Amino acid sequence: MKTKSVLTLSDVNAILDAAQKEAEANSWAVTIAVADDGGHLLGLRRLDGAAPMTPGVASEKARSAALGCKETQVFEEMINGGRNAFLSAPMQGLLSGGVPVLVDGQVAGTVGVSGVKPDQDVQVAKAGIAAVS
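Since the model is a prediction, treat every value here as computed from it, not as a measurement. Residue numbers restart at each chain and count upward from 1, following the sequence in its written direction. Per-residue local features of the predicted model are confined to residues with pLDDT of at least 70, and side-chain atom pairs are confined, for both listing and counting, to 80 or more; whole-chain, interface and lining totals are unaffected and use all residues. The side-chain quantities take in all heavy atoms of the structure and omit both hydrogens and water.

Undergrad: Help me understand the overall build of the protein in this model?
TA: Numbering of helices and strands runs from the N terminus, with a helix taken as a DSSP run of H or I at least four residues long and a strand as a DSSP run of E at least two residues long. Across its full length, the protein holds 4 helices and 4 strands. Across the protein, helices and strands are ordered from the amino to the carboxyl terminus as α-β-β-α-α-β-β-α. Relative to the 2.2 N^0.38 estimate, which gives 14 Å for 133 residues, the radius of gyration of the protein is 14 Å and therefore close to what a compact globule would have. Its C-alpha atoms put the protein at 45 × 40 × 20 Å along the principal axes. Only protein chains enter the accessibility calculation, which uses a 1.4 Å probe; a residue is then buried when its area is under 20% of its type maximum, exposed when over 50%, and partly exposed in between. Within the protein, the proportion of its 133 residues that are buried is 43%. Pairs at least 24 residues apart make up 62% of the contacts formed inside the protein by residues separated by at least 6 positions. Atoms counted for the radius of gyration: C-alpha only. Globule rule: 2.2 Å times residue count to the power 0.38. The contact criterion used is simple: two residues touch if any of their non-hydrogen atoms lie within 4.5 Å.

Undergrad: I keep staring at the packing of helix H1 (residues 9-25) against helix H4 (residues 118-130) and nothing clicks. Help me out?
TA: Angle between the axes and distance between the axes are the two parameters that describe a pair of packed helices. Axes here mean lines fitted to C-alpha atoms, for a helix over just the part in contact, with angles spanning 0 to 180 degrees between N-to-C directions. Interhelical geometry of H1 versus H4 gives an angle of 140° and a closest axis separation of 7 Å. Judged by the inter-axis angle, H1 sits oblique to H4. Handedness of the crossing formed by H1 with H4: right-handed. Side by side, H1 and H4 meet where Ile15, Ala18, Ala19, Glu22 and Ala23 of the first sit next to Gln123, Val124, Ala127, Gly128 and Ile129 of the second. Under the grouping applied here, Gly and all other residues not named as nonpolar or charged are polar, the nonpolar ones being Ala, Val, Leu, Ile, Met, Phe, Trp, Tyr, Cys and Pro and the charged ones Asp, Glu, Lys and Arg. Among the residues forming the contact of H1 with H4, the class breakdown is 7 nonpolar, 2 polar and 1 charged. Note on angle classes: values under 35 degrees are labelled roughly parallel, values over 145 roughly antiparallel, values of 65 to 115 roughly perpendicular, and the remainder oblique. Crossing handedness is defined as follows: a turn of the near helix away from the far one that is anticlockwise and smaller than a right angle gives a left-handed crossing, while the clockwise case is right-handed.

Undergrad: Help me understand unusual backbone geometry, please; the structure alone is not making it clear to me.
TA: Glycine aside, residues mostly have negative phi angles, and peptide bonds mostly take the trans form. Phi at serine 27 is positive, roughly 60°, even though this residue is not glycine. Mapped onto the elements of the fold, serine 27 is located in the loop between H1 and strand E1 (31-36). Here cysteine 69, not a glycine, exhibits a phi torsion of approximately 55°, which is positive. Tracing the sequence through the fold places cysteine 69 in the loop between helix H2 (54-68) and helix H3 (72-80).

Undergrad: Quick question: what am I supposed to make of the environment of lysine 21 here?
TA: Note that lysine 21 resides in helix H1. Residue lysine 21 is classed as exposed on the basis of its relative accessible area, which comes to 63%. For the pair formed by lysine 21 and valine 74, sequence separation is 53 residues and the distance between their alpha carbons is 26 Å.

Set out below in C-alpha cells:
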C-alpha cells in the first residue's frame with residue numbers, strides 16, 4: 001500500500017498567509033483558493049477589493065490543477081494554440097493561475113489565484129506554495 005502526502009490545516013494556512021503577503025506586497029486584490037489532490041476546497045481567502053467573481057474562478061483553477069495534475073497554464077496554452085476541443089473538457093478553471101503543490105512528484109494539493117494578470121496570479125500561487133516546499 002502506498003503512502004501519500006496531504007495538506008494539513010497548518011499547511012493550508014501557511015500557503016494562504018504567504019500568498020496573501022505576496023499579493024499585498026504588490027497591491028494586488030486577489031482571491032486565493034487551496035484544494036486537496038481531488039480538487040476539494042480546503043481554504044479560501046478573498047482579499048479586500050477582490051472582485052466578487054474571483055472566489056469562484058480561483059476555486060475552479062485549484063480544482064482543474066488537481067484533476068489535471070499540472071498547472072492550468074498548460075490548458076490555457078493548449079486552447080490558445082488551437083486545441084479548441086479542450087474547451088469541452090469537464091473543467092472550468094482552464095486559465096493560468098492554478099498550480100499544484102508537489103511532494104516527491106505527486107500532487108498533495110493545489111493553489112488557485114484569481115484577480116490580476118495571469119502571470120501575477122501564478123506568482124501569488126507559487127509564493128504560497130513556497131511556504132510549504
